[in-house]
Structures are given as C-alpha cells and as structure tokens.
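A structural walkthrough
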Amino acid sequence: MSMWLTLVKVEPAVLGELAGSPGPVGELFVDTGDSGSVLSGFHPGVDRYGCDYRVLSTAAEGRLEAEGGAGRWTREYPWLARAVGYGCDIVEGVEFAGEPSYFLPPEQVGPVAEGLRDERWATGAGASRPWNGTTGDNAFEDLIVFLTAAATEGKAVISTVT
C-alpha cells in the first residue's frame, strides 16, 4: 500500500473557503489535468508537491540510526515532522480519502523551510533553485524548494497523506 504525501500551497483565503465548503478539496490533492481551479489562486501544475511518505519516513529513520540517535524521527527532526503535518493544525471539516488535512499558515511556512535546511535535509545547491512544479530525485531537497516558494509567495500549505 502506498502512502502518498501531498502538499499544496494556497492563498490564505482558501483555508476559509474550504471551511465553508470543503467540496473542492479533491482538486487540491488529485491531479485532474486542469490548468485552473475554482479555488482562489490555486494552480495544480505548480502549487502541488508529492512524494512517497514511506520513502521519506524510511530515510529519516535510517539517518537517525546512522547518527546514533534514539527515539522517533518525528521527535529528533522536528522541522521535517512539521513539514509533513505533525504538530500542525487540522483543516476543520476537510478530509481527503478519509484522512484529515493539516495546514501551516503563511507565517510558519518560511521557518519550516529554513528549519529543514538547519536539519541538513539538503546538502547541495539544488535546494536554492526555483520551484517549477516538478520533483527530481531528492524528495527532501524538493520539499525545501516547494516550501521556500510557498513562503516567498505568502501562501499557506495544506498537506495530507493518503
């Protein structure tokens, strides 16, 4: 079973739109091939990041073990945990595929991206490239690039794991 992590960057007003009418939430997390959205300022091609959560989690566990750490990666790497939804607020009334959706308000997105850098999830210059809506071979680096773009644009980030 796959556990797919999806993050979307949205205008802060979208959080209110979803609370009032959670019906459009599916278009945030499912690629319908549309170039536009009924949600304010959401562009599916560039406003979505995804990766296999199991791969990310396994890599974090492996790194923790290699560094001689004890415990859970979600405690030892709090910025990574926050980036994928741990400790975030739930978007009230919004679920996708039976799972709750979490959000980071715009003022928290930049600090999370910087925290990922501080935790050394990116080692090369790739984490400073602009986000173009596509992911490469480094899910951690891509996550930083995505969150940095969201912070620069003043957007909130909504996430879910399905």
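Going by the structure above, here's the rest.
Right, let's walk through the structure included here. (Residues numbered from 1 in each chain as written. Predicted model: local features only at pLDDT ≥ 70, side-chain atom pairs only at ≥ 80, totals over all residues. Heavy atoms only, no water.)

**A look at the pattern of salt bridges**
Where charged atoms from two side chains of opposite charge approach closely, those side chains can pair. To keep it simple, the criterion reads: Whenever Lys or Arg places a side-chain nitrogen within 4 Å of a carboxyl oxygen from Asp or Glu, that contact is recorded as a salt bridge. Here the term buried applies to any residue with accessible area under 20% of the maximum for its type, exposed to any over 50%, and partly exposed to those in between, with areas from a 1.4 Å probe on protein chains only.
The tally for this structure, following the rule as stated, stands at 10 salt bridges. Salt-bridge contacts for arginine 54 lead to aspartate 52; the nearest nitrogen and oxygen are separated by 3.6 Å. Exposure remark for arginine 54: the relative accessible area of 39% places this residue in the partly exposed category. With its nearest N and O atoms 3.9 Å apart, the salt bridge here joins arginine 117 to glutamate 114.

**Focus: the packing of aromatic side chains**
Where we set the bar: Here a pair means two rings of Phe, Tyr or Trp (six-membered ring of Trp) with centres within 6.5 Å. Their orientation is stacked below 30 degrees between planes, edge-to-face above 60, and tilted elsewhere. Counting from the N terminus, the helices are the DSSP runs of H or I reaching at least four residues and the strands are the DSSP runs of E reaching at least two.
One pass over the structure, following the stated rule, counts six aromatic pairs. Each ring, one from tyrosine 49 and one from tryptophan 131, has its centre 6.2 Å from the other, and the planes form 55°; the classification is tilted. Here tyrosine 49 is found in strand β2 (residues 48-52), whereas its partner tryptophan 131 is found in the loop between α6 (106-118) and α7 (139-152), with 82 residues between them in sequence. Relative to tryptophan 121, the ring of tyrosine 77 lies with its centre 5.1 Å away and its plane at 80°, an arrangement referred to as edge-to-face.

**Observations concerning the pairing of strand β1 (residues 4-10)**
Worth spelling out the cut-off: Note on pairing: DSSP must find at least two bridges between two strands before they are called paired.
Burial of β1 is extensive: six of the seven residues sit out of reach of the surface. Strand direction decides the pairing type here: β1 and β2, joined by five bridges, are antiparallel. Counted as the bridge partner of threonine 6 is glycine 50 from β2. In this structure, β1 lies alongside strand β5 (residues 156-161), joined through six bridges in antiparallel fashion. Counterpart to leucine 5 in the pairing with β5 is valine 161.

**Section: α7**
We count it as follows: The span one expects for a helix is its residue count, reduced by one, times 1.5 Å. Contact criterion: two residues are considered in contact whenever any of their non-hydrogen atoms come within 4.5 Å of each other.
For α7, spanning 14 residues, the distance from its first C-alpha to its last is 20 Å, which sits close to the expected 20 Å at 1.5 Å a residue. Among the 14 residues in α7, 10 count as buried, and that is most of the element. By the burial criterion, the buried members of α7 are Phe140, Glu141, Asp142, Leu143, Ile144, Val145, Phe146, Leu147, Ala149 and Ala150. Buried-residue contacts for α7 involve β1, β2, α3 (53-66), α5 (78-83), α6 and β5. Of the residues one or two after α7, glycine 154 is the one with positive phi, at around 70°.

Limitation: the analysis is restricted to geometry and does not speak to function.
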